[in-house]
Amino acid sequence: MKFDTIALIGGDKRQLFCAKALSDYGYRVMLAGFDSLESYGKLELVDLDTALSAGDVFILPITGVKGDVIPCNFSEKEIKIDNKLLIKLSDKPVFMGRANSLSGINAFDLLKREDFAVKNALPTAEGAVGVALKSYEGTIFGAKILVIGYGRIGKILSKMLKALGADVTVATRSSVNSAYINCDGNKAINTCELNSISEYDIVFNTADALVIDKNILENSDFDTLIIDLSSYPGGVDFDVADKLGYTAFLASALPGKYSPLSAGKIIADTVLTIIKEEYSWRKRI
């Protein structure tokens, strides 16, 4: 099986920079669903039929598909998912995010890769800081900040905030994590003991569970900025937060909004890593 031509179908700026990275690596790269662009260097802007016929590998949006449509941020035309497209995609390797959103195709789900998640944590953390800089009326330096969760994003974000001069506390259920947090020069609290966020200027939630619930919100001051970085539906009771007057929002897809160049290269590198893992024993690439 050859992998000379990679076709990217739909997507946002991350797809563009992914395509650029793949082209720089020496691959022939086609873009379908980018009709608003007139040219983009060596990248070939083609229609869907050409991409499906010529592509050896297909990359779909990291956001997955929406219903029967592939999102195309750079086109006024929709790419409808029909049987013809599904048959073409089923013949070749397909890479995307939220692969279960496209039924009938055995695609590689990039979001389930640990290496992808680790690399993506950095642009996510940087994006979170960017959101705070836009939304918080004070400076990060000296601000009292709570980071809930000490996973991939929590680790990087807490260190980043510390480097910016913030007074950082991290909530975790693990005593081992608490030791690491203290070694980083930050304070640690047990998530189970969290009953108010009044003492913090900004709260970042990275835990995929309802942590900032009705009781915590009602026991806190509504002037605390809450930024939720977890997966939908988030770890905050947004209905209650809205009624009480908090500034609270679910900050999703931050790498695509704040660091599309880095995020695109991460997609490209992960795709090539998977290809080597899955197919290099058949033919060196």
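Reading the values: rules and limits
Residues numbered from 1 in each chain as written. Predicted model: local features only at pLDDT ≥ 70, side-chain atom pairs only at ≥ 80, totals over all residues. Heavy atoms only, no water. Pairing = 2+ DSSP bridges. Helix = DSSP H or I, 4+ residues; strand = E, 2+ residues; numbered from the N terminus. Axes fitted to C-alpha atoms, helices over the stretch in contact; angles between N-to-C directions. Contact = heavy atoms within 4.5 Å. Salt bridge = Lys/Arg side-chain N within 4 Å of Asp/Glu carboxyl O. Buried < 20%, exposed > 50% of the residue type's maximum accessible area, 1.4 Å probe, protein only. Parallel < 35°, antiparallel > 145°, perpendicular 65-115°, else oblique. Nonpolar A, V, L, I, M, F, W, Y, C, P; charged D, E, K, R; others polar. Expected span 1.5 Å × (residues − 1). Arc of directions from axis to C-beta. Phe/Tyr/Trp six-rings, centres within 6.5 Å; stacked < 30°, edge-to-face > 60°.

(A) How the structure looks around the sheet that holds strand β13 (residues 225–228). Spatial ordering of the open sheet is given by β11-β10-β9-β12-β13-β14, a layout of six strands whose pairing is parallel. Two strands in the sheet have a free side with no partner beyond their single neighbour: β11 (187–190) and β14 (248–250). If you compare each strand with its neighbour and ignore which way they point, the axes differ by 20 degrees on average. Strand direction decides the pairing type here: strand β12 (residues 202–205) and β13, joined by four bridges, are parallel. Following the sheet pairing, I202 is matched in β13 by L225. The strands touched by helix α6 (residues 175–183) within the sheet are β10 (167–172) and β11, with β11 carrying the most contacts at an inclination of about 160 degrees.

(B) Representation of the pattern of salt bridges in the model. This model, assessed by the stated rule, comprises twelve salt bridges. With a closest N to O distance of 2.9 Å, K187 and D167 form a salt bridge. Of this pair, K187 sits in strand β11 while D167 is found in strand β10, placing the two residues 20 residues apart along the sequence. When its relative accessible area of 26% is taken as the criterion, D167 is described as partly exposed. Between K214 and E218 there is a salt bridge, with the nearest N and O atoms lying 2.9 Å from each other. Here E218 and K214 lie together in helix α7 (residues 214–218), a separation of four residues that amounts to about one turn.

(C) Expanded view of the packing of helix α4 (residues 114–135) against helix α10 (residues 260–279). Running from amino to carboxyl end, α4 crosses α10 at an angle of 170 degrees, the nearest separation of the two axes being 10 Å. Considering their axes alone, α4 and α10 lie roughly antiparallel with respect to each other. Touching D115, F116, K119, N120 and P123 of α4 are I266, I267, D269, T270 and T273, all from α10. Considering only residue class, the contact of α4 with α10 consists of four nonpolar, three polar and three charged.

(D) Representation of helix α5 (residues 152–163) within the structure. Over its twelve residues, α5 extends 17 Å from the first C-alpha to the last, a length consistent with the 16 Å expected when each residue adds 1.5 Å. What α5 keeps buried is the set G154, L157, S158, M160 and L161. All buried residues of α5 lie within an arc of 165 degrees about the axis, which places them on one face of the element. Elements that come into contact with the buried residues of α5 comprise α4, β9 (144–148), β10 and β12.

(E) Inspection of the packing of aromatic side chains at higher detail. Under the counting rule described, the total for this entry stands at three aromatic pairs. With 5.6 Å between their ring centres and 20 degrees between their planes, F34 and F74 make a pair best called stacked. Residue F34 is located in the loop between β2 (28–32) and β3 (44–46), and its partner F74 is located in the loop between β5 (69–70) and β6 (79–80); the two are separated by 40 residues in the primary sequence. Seen in terms of ring centroids, F95 and F108 are 4.9 Å apart; in terms of plane orientation they differ by 15 degrees. Their pairing is stacked. Residue F95 is found in strand β7 (residues 94–96), and its partner F108 is found in strand β8 (residues 108–109); the two are separated by 13 residues along the sequence.

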